[in-house]
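A structural walkthrough
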Amino acid sequence: MSQRYVIVHDENKCIGCQACSVACRSENNVPDGVSRLQVHIQGPFGEAPNLHFKYHRMSCQQCENAPCVTVCPTGAAYIGDDGIVSIKPEKCVGCMYCVAACPYKVRFMNPETKVADKCNFCKDTRLARGEQPACVDVCPTDALVFGDTNDNNSQVAKMLLQRANYQDSTHLGTKPRVYRIPTKKGGIVS
Amino acid sequence: MNNTWGDVAQYDPVTWNWIIAIYLFMAGLSAGSLLIGLGLRWWSNTDDKSESAILKAAALIAPVAICIGLACLVFDLTKPFHFWLILINYNFESVMAIGVAVLLFYIPLTFAYALMVLRDELAQWKLGFLTPIATMLLPWRKPIELVMFVLALGVGAYTGFLLSAMNAYPMLNTAVLPALFLVSGLSAGAAANTLVALLMFNSNGHEPHMKTMHGMELPVVFAEMTFIFMLFCALYFKGGAAAMALASLTTGVWAVVFWVGVVAIGFGIPLLSMLMPAHSRHTKGAMVTVACASLAGVLALRHFIIYAGQSYIS
């Protein structure tokens, strides 16, 4: 694979406005009641008036070792030549094995197509046209950065080199490609 | 405060529901009753070459149970009328695809075997037109039995591997789960064989096969209890998110299902019945009650594993 697309979510810049979620719904015709992308807000933390929140992006983690692809009986869930985990709707029977197996719980059954659905970095639409994914383009605070880490000059490659970052549930060996820059402010979650 | 990010119902970790629990039960039952029927035929000491009531029961249960189970499975798909896609597309990294491949051979063989074993019954069930097929198949009986025995082991164990392959769920992602499902399938199979032999094939409950089968019940129940104990020990020793799953034994509706359904009914009633005097224990009523309790226990175990197992995520 020549590309290794990733998204970086800077949790310091995020304000939890959900513009990304709305743009995603519009770009990908996601029906009401289900989402490819949400930003969950935790908090407030700290003492008034210095309160702050934590923001957590909920979307497909584009795992390099994707459990959904391993369990899919028909090969409907697959990793394409571009490395992006996607779904071939014509092969999906709706067994929900992938929805159950996803450790991040970001796959869902699309109530209109009856096919498993999730973020694919806008691969067939915006990415195919050479544009950024809808969530990245619309973000008012530039909290999202998308790019190819195999390109050393890309903004994501430089960012991940310079900034402390983390990924979710790495202990499961999934190698997720959504990187997060943790908020500088703390907060105790019991 | 309402959240601003929308409906979170899709993040519920419980994806598979009771329909899948029934499928897992039916697949285990089908495989278990066949394994026991064949095992008794091969390893019992009787010289009687006629078909035993137990074998007839097993031959009937195997195809019926797996078909009921598969019907549940197919209609639980979001695209039930596209189920054929799963028959032509295989990803052999997927336990489900391996299961489909095994079932593809297992199911026709269970039907063929039912025809062979029940060839004398076909006429009285108004299925006499199938007798020539049964006669034609008879010379192949030994190889069919051998292949079917191996496939039945596969069917019984694969339902466990299907769940244990998901490493996000600590209670499901354990090495012992396939063994537990295979053994509890044997337990359900023995119970269902008893029921059908008594109620449909006029067994009096005192044939040698029936006695051998009852002799197996105690070790099978102990194996089941050991595997369940090992499952929870594994969670306890693993700590962290896995140890959190132990809460399923003390809180919520699935704790009740476990202690009442699996332990009290599924293990308690069959074990306590062994303390009854022999003459009352071997009455038809007692045997039917114990068999129903075993079946209910295994069904409860499948529900507990499916729901409690998916409720805790690592």
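Residues numbered from 1 in each chain as written. Chains lettered and ligands numbered in written order. Predicted model: local features only at pLDDT ≥ 70, side-chain atom pairs only at ≥ 80, totals over all residues.

Time to look at the overall build of chain A. The helix and strand inventory of chain A stands at five helices and nine strands. Moving toward the C terminus, one meets the helices and strands of chain A in the order β-α-β-β-α-β-β-α-β-β-α-β-α-β. Against the 2.2 N^0.38 benchmark of 16 Å for 190 residues, chain A shows a C-alpha radius of gyration of 17 Å, consistent with a compact globule. Dimensions of chain A along its principal axes, counting C-alpha atoms only, are 55 × 40 × 35 Å. By residue count, 44% of the 190 residues in chain A fall in the buried class. A sequence separation of at least 24 residues applies to 56% of the contacts in chain A between residues at least 6 apart. (Helix = DSSP H or I, 4+ residues; strand = E, 2+ residues; numbered from the N terminus. Rg over C-alpha atoms; globule rule 2.2 N^0.38 Å. Buried ≥ 20, exposed ≤ 12 C-beta atoms within 10 Å, placed from the backbone. Contact = placed C-beta atoms within 7 Å.)

Here the focus is unusual backbone geometry. Residue and element names in this part refer to chain A. Note that the residue after glycine 43, namely proline 44, is joined by a cis bond; omega there is 5°. Mapped onto the elements, proline 44 comes out in strand S2 (residues 38-45). With an omega dihedral of 5°, the bond running from alanine 48 to proline 49 counts as a cis peptide bond. Here proline 49 lies in the loop between S2 and strand S3 (52-58).

Between two packed helices, the angle of one axis relative to the other and the distance separating the axes together describe the packing. All names here are of chain B. Where helix H7 (residues 177-199) contacts helix H8 (residues 208-238), the two axes come as close as 9 Å, and the packing angle between them is 150°. Taken as axis vectors, H7 and H8 run roughly antiparallel relative to one another. Of the two elements, H7 crosses H8, and the hand of that crossing is left-handed. Here H7 contributes Leu177, Ala179, Leu180, Val183, Ser184, Leu186, Ser187, Ala190, Asn193 and Ala197 to the contact with H8, which in turn contributes Met210, Met213, Met216, Glu217, Val220, Val221, Ala223, Glu224, Phe227, Ile228 and Leu231. Grouping the amino acids of the contact of H7 with H8 by side-chain chemistry returns 16 nonpolar, three polar and two charged. (Axes fitted to C-alpha atoms, helices over the stretch in contact; angles between N-to-C directions. Parallel < 35°, antiparallel > 145°, perpendicular 65-115°, else oblique. Left-handed = near helix turned anticlockwise from the far one by under 90°. Nonpolar A, V, L, I, M, F, W, Y, C, P; charged D, E, K, R; others polar.)

Residue and element names in this part refer to chain B. Among the secondary structure elements, methionine 216 is positioned in helix H8. Of the residues examined, methionine 216 has 15 C-beta atoms within 10 Å and is grouped as partly exposed. Taking C-alpha positions, methionine 216 is 9.5 Å from isoleucine 36, a pair spaced 180 residues apart along the chain.

Residue and element names in this part refer to chain B. It is the contact of helix H2 (residues 53-76) with helix H4 (residues 95-117), at a shortest axis distance of 9 Å, that shows an interaxial angle of 150°. Regarding the angle of H2 to H4, the classification is roughly antiparallel. Where H2 crosses over H4, the handedness of that crossing is left-handed. Across from Leu55, Lys56, Ala59, Leu60, Ala62, Pro63 and Ile66 in H2, the residues of H4 making contact are Ile107, Thr110, Phe111, Tyr113, Ala114 and Val117. Taken together, the residues of the contact of H2 with H4 break down into 11 nonpolar, one polar and one charged.

Turning next to the interface of chain A and chain B. Of the residues lining the interface, 31 residues belong to chain A; the matching set on chain B comes to 28 residues. Those elements that place two or more of their residues in the side of chain A that touches chain B are S2, helix H2 (67-71), helix H3 (97-101) and strand S6 (108-109) of chain A. Among the elements that take part in the side of chain A that touches chain B, H3(A) stands out by supplying four residues, more than any other. Residues that form the side of chain A that touches chain B fall into these classes: 17 nonpolar, 11 polar and three charged.

Let us look at the environment of Ala190(B). All names here are of chain B. Relative to the elements of secondary structure, alanine 190 occurs in helix H7. Overall, alanine 190 belongs to the buried group, with 28 C-beta atoms counted inside 10 Å. Each C-alpha atom of the pair alanine 190 and alanine 245 lies 31 Å from the other, and the pair is 55 residues apart in sequence. Excluding its chain neighbours within four sequence positions, the residues that come into contact with alanine 190 are Ile36, Met213, Met216, Glu217 and Val220.

Judged from the six bridges that link them, S2(A) and S3(A) form a sheet pairing that is antiparallel. Following the sheet pairing, Phe45(A) is matched in S3(A) by His52(A). (Pairing = 2+ DSSP bridges.)

Attention now moves to the sheet that holds strand S1 (residues 5-10) of chain A. Residue and element names in this part refer to chain A. Read from one edge to the other, the open sheet built from three strands follows the order S8-S1-S9, with strand pairing classed as mixed. Each edge of the open sheet carries a strand with a single partner, namely strand S8 (144-148) and strand S9 (178-181). On average, each strand axis in the sheet is inclined to that of its neighbour by 20°, with strand direction left out of account. One ladder, built from four bridges, connects S1 with S9; its direction is parallel. Pairing of valine 8 across the sheet is with tyrosine 179, part of S9.

By size, the foremost hydrophobic cluster in this structure holds 149 residues, and its most contacted members are Cys68(A) and Cys98(A). Looking at this core, the element that brings in the most residues is helix H1 (residues 18-43) of chain B, giving 15 residues. For Cys68(A), the residues in contact, after removing those within four places along its chain, are Ala77(A), Val85(A), Cys98(A), Ala101(A), Cys102(A) and Arg107(A). (Core = buried A, V, L, I, M, F, W, Y, C linked by C-beta atoms within 7 Å.)

Residue and element names in this part refer to chain A. In terms of burial, S1 is a largely internal element, six of the six residues being buried. Burial along S1 is two-sided: Tyr5, Ile7 and His9 facing one way and Val6, Val8 and Asp10 facing the other are all buried. Where S1 and S8 come together, five bridges link them in antiparallel fashion. Residue pairing across strands places tyrosine 5 opposite aspartate 148, the latter belonging to S8.

Now for the confidence of the model for chain B. All names here are of chain B. Averaged over chain B, the pLDDT score is 94; the fraction of residues at 70 or greater is 98%. Averaged pLDDT values for the elements of chain B fall to 85 in helix H11 (residues 278-281) and rise to 97 in H4. Two summary scores accompany this predicted model of the complex, namely pTM at 0.94 and ipTM at 0.92. (pLDDT = per-residue confidence, 0-100.)

The end-to-end C-alpha separation of H7(B) is 32 Å, in line with the 33 Å expected for 23 residues at 1.5 Å each. Of all 23 residues that make up H7(B), 20 are buried, and the element is covered over most of its length. (Expected span 1.5 Å × (residues − 1).)

Residue and element names in this part refer to chain A. With respect to the element layout, phenylalanine 53 can be found in strand S3. The exposure class of phenylalanine 53 is partly exposed, given the 17 C-beta atoms found within 10 Å. When sequence neighbours within four positions are dropped, the list of residues in contact with phenylalanine 53 reads Gly16, Ile41, Gln42, Gly43 and Pro44.

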